[in-house]
Amino acid sequence: NQSLVFDIMKLDVESKKKMFLTSSMRSNYPVFSPDNKKILFIAHNNSTTQLYIMNQDGRNVKQISENIGDVQILTPVWSPDGEFIAYAQSDADGFMDIHIMHLESREIKQITKSPESDLWPVWHPSGDKISYTGMYGYTPNLYTYNIISGETIQNTDIGDAIFGGKWNNWSSTISAFTLNTVDSSRIVEIAPSRVAEKTPLIMNPAYSSWRTKKPDNLLDD
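In what follows, the accompanying structure is described. (Residues numbered from 1 in each chain as written. Predicted model: local features only at pLDDT ≥ 70, side-chain atom pairs only at ≥ 80, totals over all residues. Heavy atoms only, no water.)

**Topic: the packing of aromatic side chains**
Piece 1. Tallying each qualifying case throughout the model produces six aromatic pairs.
Piece 2. Ring geometry for W120 and F177: centres 6.1 Å apart, planes at 85°, overall edge-to-face. Here F177 lies in strand β16 (residues 173-178) and W120 lies in strand β11 (residues 118-123), a separation of 57 residues in the sequence.
Piece 3. Overall, W120 belongs to the partly exposed group, its relative accessible area being 28%.
Piece 4. Residue classification places F177 among the partly exposed residues on the basis of a relative accessible area of 31%.
Piece 5. Ring centres of Y132 and Y143 lie 5.8 Å apart, and the angle between their planes is 20°; on these two criteria the pair is classed as stacked. On the criterion of sequence distance, the pair formed by Y132 in strand β12 (residues 129-134) and Y143 in strand β13 (residues 141-146) is long-range, its members being 11 residues apart.
Piece 6. Taking relative accessible area as the criterion, Y143 reaches 7% and is therefore assigned buried.
Piece 7. Clustering of aromatic rings is evident, with ring pairs tying together W120, F163 and F177. (Phe/Tyr/Trp six-rings, centres within 6.5 Å; stacked < 30°, edge-to-face > 60°. Helix = DSSP H or I, 4+ residues; strand = E, 2+ residues; numbered from the N terminus. Buried < 20%, exposed > 50% of the residue type's maximum accessible area, 1.4 Å probe, protein only.)

Dropping the structure here:
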């Protein structure tokens, strides 16, 4: 039944009972609010993605964004105080950047602007910083943005492909994961105050020719 249509389901881990919270909304990325009373999620109408909030039982669904056209949203998260949300958004130009929305005023601030993708925002418990994954230099690495000062620092600079995940309350680090380029994906802990020692990207030409590759036989028009 509608196997190609995403919907949000809630599972009771003790009783194993499941219930759908949305119906035929092409919804994804559910995130509980800090007080566990609300759920933030995204849903699609054709090629336009909107942000929604509903009660944790699926009632009182409210659309909180007013996007038009080809807009895609990924990985939304709540701020620790529940007053803001951060998310990755790609507009018709195809550039995916991190945005912050104030829920009461609906005011939106874009905090990154790059042709490469920025996604997976992670709020710090203090509420004044956001770590995210930036795809700069063809390699995903972790970056941290200071909301107060507007400063961004690069936390990692490695070829293993670091993707930001969740805040680790026990160690006050970002729990991230690596791409399974060898035999498995690995979990790593990264201090958000860490400043990476950046080195030039070096790639074997045998594996980088795609950057400048053109068709062997061009077709007119």
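**Examining the sheet that holds strand β15 (residues 162-168)**
Piece 1. On the basis of which strands lie adjacent, the open sheet formed by three strands has the order β15-β16-β17 and antiparallel pairing. Looking at strand neighbours, the two that pair on one side only are β15 and β17 (187-190), the edges of this open sheet. Put simply, the sheet's adjacent strands are angled 35° from each other on average, direction ignored.
Piece 2. Two strands pair when backbone bridges link them, and β15 and β16 are joined in this way by five bridges, in the antiparallel orientation. Bridge assignment links I162 to a residue of β16, and that residue is T178. (Pairing = 2+ DSSP bridges. Axes fitted to C-alpha atoms, helices over the stretch in contact; angles between N-to-C directions.)

**With respect to the environment of L103**
Piece 1. By the secondary structure assignment, L103 is in the loop between β9 (96-102) and β10 (108-110).
Piece 2. Note: C-alpha distance between L103 and K166 (63 residues apart in sequence) is 22 Å.
Piece 3. Those residues in contact with L103 that lie beyond four places of it in its chain are I53, I64, W78, G82, E83, F84 and I85. (Contact = heavy atoms within 4.5 Å.)

**A word on the pattern of salt bridges**
Piece 1. All chains considered together, the criterion is met by three salt bridges.
Piece 2. A salt bridge links K129 to D128; the nearest nitrogen and oxygen atoms lie 3.8 Å apart. (Salt bridge = Lys/Arg side-chain N within 4 Å of Asp/Glu carboxyl O.)

**Comments concerning the layout of surface pockets**
Piece 1. Of the pockets and cavities examined, the largest pocket occupies roughly 490 Å³.
Piece 2. Considering the residues around the largest pocket, the lining is formed by 23 residues, among which V31, V77, W78, W123 and K166 are closest to the centre.
Piece 3. At the level of secondary structure, the elements contributing two or more residues to the lining of the largest pocket comprise β3 (27-32), β7 (72-78), β11 and β15.
Piece 4. A per-class count over the lining of the largest pocket returns 14 nonpolar, eight polar and one charged. (1 Å grid on protein atoms, 1.4 Å probe; cavity = no way out; pocket = protein on both sides within 12 Å on 5 of 7 lines; lining within 4 Å. Points joined across faces, edges and corners; volume = space filled by probe spheres on them. Nonpolar A, V, L, I, M, F, W, Y, C, P; charged D, E, K, R; others polar.)

**Here we look at the pairing of β11**
Piece 1. A large share of β11 lies buried, amounting to five of its six residues.
Piece 2. Summarising the sheet, β11 and β12 pair through four bridges and their orientation is antiparallel. Note that in β12 the partner of L119 across the bridge is T133.
Piece 3. Where β11 folds back onto β12 in an antiparallel hairpin, the turn is made up of five residues, including G127, whose phi is positive at roughly 80°.

**Some points on the side chain of T75**
Piece 1. Mapped onto the elements of the fold, T75 is located in strand β7.
Piece 2. For T75, the side chain forms a polar contact with the main-chain nitrogen of W120, separated by 3.2 Å. (Polar contact = N/O pair within 3.5 Å; in protein donor to acceptor, adjacent residues only side chain to side chain.)

**Focus: the sheet that holds strand β8 (residues 84-90)**
Piece 1. The antiparallel open sheet is built from four strands, whose spatial order is β7-β8-β9-β10. The open sheet has two edge strands with one neighbour each: β7 and β10. For this sheet, the mean angle separating the axes of adjacent strands, direction not counted, is 25°.
Piece 2. Where β8 meets β9, seven bridges bridge the pair, whose relative direction is antiparallel. Bridging from a neighbouring strand, Y87 pairs with H99 of β9.

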